[in-house]
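Fold and geometry: a report
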Amino acid sequence: MKHDHYDAVVIGAGHNGLVTACYLQRAGLKVLVLERNSYIGGATTSISKYEDFTYSNCSYVCSLFRQEIARDLELYKFGMQVIPYNGGAQIIKNEDGSHDMLGAYWHADANRRDLERLSKRDANAYDRLNRDIMRQCEFIKPLLMRTPPDPTSFKPRDLMELLYLGKRFYGLGKERMLETIRFYTMSAADYLNEYLENDALKSYVAGGATVGTALGVYSPGTAYVLLHHAMGDIDGTVGAWGFARGGMGAISKALNDSFIASGGEVRVNAGVSKFIVERGKVKGMQLEDGEVIDADLVVSGMDVRRTFNAVDPNELPAWVVERVKNFRFRGSSAKINIALDGVPKFHGVPDGSPCLTGDIHISQSMEELETAYDDWKAGRWSDKPYLDMLIPSLIDPTMTPEGKHWMSIFIQYCPYEPAEGGWTEARRQAFGQHIVNRIAEFSPDFTEKMLHMELRTPKDIETEVGLTEGNIFQGELTMDQLIFNRPIPGYAQYRSPIKGLYMCGSSTHPGGGVMGAPGANAAREVLLDLGRRN
Amino acid sequence: MAKHYQNIVIGGGHNGLVCAAYLARAGQSVLVVEAANEIGGAACTRELVPGAKVSSGAHLLHAMPADLISDLGLANHGLSFSAQSIKTVSLNADGPAIVFDGDTVKGEDVSAEDEAAYQRFNADMQRMAKALRPVFDKLAPEPSIETWAERLTLLGLGLRIRSLGRFHMRELLRIIGMNFYDLLDEYFENRQLKAAIAMDALLGAEWGARSMGSVLTYLYRLAGYQRSKGLGLALPAGGMGAVSQSIAAAAKAAGAEIRTSAKVKSILIENDKASGVELDDGEKIQAGRVISNADPKQTFLKLVNVDHLDTGFIRQIRNLRSRGRAAKLHLVLKAAPQFKGLQEADLGARMLIAPNMDDIELAFNPCKYGRYPEEPVFEITVPSASDGSLAANGQHVLSAIVQYVPYDDSAELDANRAAFLKTILQQLERYAPGIGKQISHAELLLPRDLENEFGITGGHWHHVELVFEAFLFNRPVPALARHSSPIEGLYMCGAGCHPGGNVMGIAGRNAANQVLKGGQ
């Protein structure tokens, strides 16, 4: 029987897998991408689940995608378009039951005016806060596209990289060094308390600090996640967030088209059951249907646990098996997509407010956010969760029929395994209803405008997308799982104990988010080993 | 004519006394001024009611360096121990206890796997603590490579970590920023066992087991055990006050003077240089140098006039975290308490009430919002079981650390204290049925009370939370990490400095060395 033979096979057509595939194909390799699902994109997809509505089913906003990758792979030419959103709204419930809105505006003066209504002091502090966060961004950004050094290695390359990191850090000077250490180890609450006084504003800023994590806003180590507000850029607009036109799937589609255009091949409905390893070297893989594909090298876009689960454990050192077992996923986020018969009203928000084109939040205080985490710790979904609500169709009309809209709701926290028992259909429905009820407290016509709902608990995310325990970052982004510890110490340079088996998913440095950096870094390491320049 | 001293130490806590003793031994004139009417700070023995004494702050000695004890000749100055290397017993209200003795753990419900895992865990942690220990024992390293000395210090640290071997070095770099909850999950099955170990990392800390940094505090504590060279968890004869008394005796023998009931109102500064202190009663004492054992917030926000400091520095000091979340419980008991599952001979052991890590977390949750826990967790000692001098007539004293307790400065403080005491006693009753009837006197010191009693901001043991942001060259802030301060002639020697809290005296010793190096 004749087997197909490829120079490189990439497992998983998620955005990182596709980025790696593009780079390798462009460097002249014959590359095949295998995707288990019937559609490409992984968690970066746009799928229609109801009539003419298209949802960004999982990931829903774009900012972090590295511009250098988009340029290298000509993604704009292949149809990627990101539209920044122009607002944001924090709905405030006053003590007397009335509502108010803290609006975020594209225009700095408008933004400041609204802040000043709440607190003059905070209006000033907000500028300082953003400046200080931006400073931390400048420190971290260049590290995203670099391979982490192995601090135990004496290889010149690792030593040089360590020296580079040391120099950068040392170069900050004593005071900035302290600031940086504080930023990376403090809790979001403590950090914000040093700047702001208004609780509603704090919770508006802080909510994002717990996205996808098993930590609360009071947990040490959450302040740095505030970076995400500032780290991205869209077409050179630093710190902007935006919608991909056509949904997040448009990004995977552009990657896919770029890959195909350079001669690559993608196969869907092709799940890998195991890697074939001979004498410590990868030879290819067997698909779920039994088909065998030969390959000189394999790059896995799956998370680290799924990757090594596809390898015979006898081929791996015992300590690696142990580390992979202990790698923590613990999904904590859920996603709901809702088709709407028009724009819902929100208490305190004027009709037609541009603020609705951005993220809409209803968390009232830091304490409320932290209590949401306490619920998760106890294995319950949050009674008052952090909800990141967006109506992309207000900006991108291509996703819904005219006059209709869809809303993306990101929910923090939701347990992977509810303590009272596993996810049953009834429990899923109860969870969905709970979220809808919560939104309805702030939106009088929300339930009547609802046409359809797609619900994803962490368990559903695992089943559908293949992210272990539904962790949206392919593994928690805590200090012990970052940089040279990601995914496991000793194998943080996209390689594995198996020769020819590489990793390119978000389980690797620098982690999750639709960023593409792990994919690009992995491709660079592969090509380095092959002695080719990309 | 008022006397002029070379050094004034503010605060007669153990670090202040250690600093004074070292300075006096080097031939310097030193005056220690202590606000309370007795020296010792949080390492003191207090008579609760006639015939019953208790260590009212710290109640176990476990981190004092063996060489400091011998250097100062503390044994000759009256320090002895009524018990050393005492066992730790984790109590269970409904089942058998777990006993930790040295590097072994035993318990009916503890599996052979967990017993073996404990050996492994202990060996791994000891090894890492040993690599870090010199950092804790010495002056904080400078984050600088300007001079050869600095380069060598950093290189030495690097090499020590490297000498762990590749596997353990990686492991250290992985777990150092981890939380203890997850780390213990990697090693053990038994929930009560995990909770008991976790308590070592969490006592006195602001955070729960799931908070990052709890591995660091555990290694810090292990380094303490190591440097006390076999003393382990020790009960000083006569209570913790005996430690302070012996250091004070050593200091006096070397020529230091100590004044109690002398509360400092402010630090005198002339020509941008510390020149002495002014006491509450208006008395001014001149000195060449002032060394503050008070916490950084006290020192720089209360004792020093703000005009002498720049705003950036003040902001850093204000932002220091000193939210004490440990309360102290003292009970005088008419007879020996009976704890479930505890052998009578083990009454002198350290007892823990922490059923599992989730319960610790549940005790922690409410205090984040300024509320009291319903089921707090405890570290309990009955020092009178090994030291008859503490309680007369067959009585016993019980001393317990209770977590997690909010800093409460509300108008209802007294009512809250009474209500919380009731909660605590109910919880104790489950583990020691009948203890309620044995109580002849009960006292509960909340963080707020500890602040008043010991003059520590927030009632925090470590003065400043022991976390990465206030660690090594950042402890408490970069400008104070080497014990000197932005004000010439003003030094710091308390737990707020590197390496941190616990009764160990290293900060005091390092400060004395720095003062002497500075000359004058």
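Above this text is the structure in question.
For the structure given in this document, a descriptive report is provided here. (Residues numbered from 1 in each chain as written. Chains lettered and ligands numbered in written order. Predicted model: local features only at pLDDT ≥ 70, side-chain atom pairs only at ≥ 80, totals over all residues. Heavy atoms only, no water.)

Overview of the sheet that holds strand β18 (residues 439-445) of chain B
Residues and elements named next belong to chain B.
- The strand order across the open sheet built from eight strands is β8-β7-β6-β15-β16-β17-β14-β18, with neighbouring strands paired in mixed fashion. The open sheet has two edge strands, β8 (104-107) and β18, and neither has a second partner. Each neighbouring strand pair of the sheet contributes to a mean axis angle of 20 degrees, computed without reference to strand direction.
- Bridging between strand β6 (residues 88-90) and strand β15 (residues 350-353) involves three bridges; their strand directions are parallel. Within β15, the residue paired with Ser90 across the bridge is Leu352. (Pairing = 2+ DSSP bridges. Helix = DSSP H or I, 4+ residues; strand = E, 2+ residues; numbered from the N terminus. Axes fitted to C-alpha atoms, helices over the stretch in contact; angles between N-to-C directions.)

So, unusual backbone geometry
- For the bond from A:Gln412 to A:Tyr413, the omega torsion is 15 degrees, close enough to zero to count as cis.
- Inspection of the secondary structure assignment puts A:Tyr413 in the loop between β18 (405-412) and α14 (425-440).
- Residue B:Pro476 follows B:Arg475 across a cis peptide bond; omega there is -15 degrees.
- Despite not being glycine, B:Ser85 has its phi angle at roughly 45 degrees, a positive value.
- Along the chain, the position of B:Ser85 falls in the loop between β5 (81-83) and β6.
- Given the relative accessible area of 40%, B:Ser85 is considered partly exposed.
- Here the phi dihedral of B:Asp272 falls at roughly 60 degrees; this positive angle occurs in a residue that is not glycine.
- Mapped onto the fold, B:Asp272 is located in the loop between β11 (264-270) and β12 (273-279). (Buried < 20%, exposed > 50% of the residue type's maximum accessible area, 1.4 Å probe, protein only.)

Describing the nonpolar core
All names here are of chain A.
- Core analysis: the biggest nonpolar cluster contains 95 residues, and Leu24, Phe65, Leu129, Tyr191, Leu196, Leu227 and Ile251 have the highest contact counts within it.
- Sort the elements by how many residues they give to this core and helix α4 (residues 120-144) lands first, with nine residues.
- Look past the residues within four positions of Leu129 in its chain and what remains in contact with it is Tyr191, Leu192, Tyr195, Leu196 and Val205. (Core = buried A, V, L, I, M, F, W, Y, C linked by side-chain atoms within 4.5 Å. Contact = heavy atoms within 4.5 Å.)

With respect to a nonpolar patch on the surface
- On the surface, B:Trp148, B:Leu152, B:Leu155 and B:Leu159 cluster together into a nonpolar patch covering about 490 Å² of accessible area.
- Counting through the fold element by element, B:Leu159 comes out in helix α4 (residues 148-162). (Patch = residues over 30% accessible without salt bridge, like charges linked within 9 Å, V, L, I, M, F, W, Y side chains within 5 Å. Areas by Shrake-Rupley, 256 points an atom, 1.4 Å probe, with all protein chains shown as cover. Salt bridge = Lys/Arg side-chain N within 4 Å of Asp/Glu carboxyl O.)

Overview of the packing of aromatic side chains
All names here are of chain B.
- Counting across every chain of the model gives 34 aromatic pairs over all chains.
- Measuring from centroid to centroid gives 6.4 Å for Tyr118 and Phe188, while their planes differ by 40 degrees, and the two rings are tilted. Taken as a pair, Tyr118 in helix α3 (residues 112-137) and Phe188 in the loop between α6 (180-187) and α7 (191-202) lie far apart in primary sequence, 70 residues in all. Phe188 matches Tyr118 in its accessibility class, with the two residues each being buried.
- Taken together, the ring pairs connect Phe100, Tyr118, Phe121, Phe180, Tyr187, Phe188 and Tyr218 into an aromatic cluster.
- Taking the ring centre of Tyr22 as reference, the NZ or CZ of Arg25 above it sits at 5.8 Å. (Phe/Tyr/Trp six-rings, centres within 6.5 Å; stacked < 30°, edge-to-face > 60°. Lys NZ or Arg CZ within 6 Å of the ring centre and 35° of its normal.)

Here's the deal with the state of the cysteines
- This structure, assessed with the given rule, holds zero disulfides over all chains.
- The closest cysteine sulfur to the non-disulfide-bonded A:Cys137 is located on A:Cys62, 16 Å from its own sulfur. (Disulfide = S-S within 2.5 Å.)

Read these as geometric descriptors, not functional statements.
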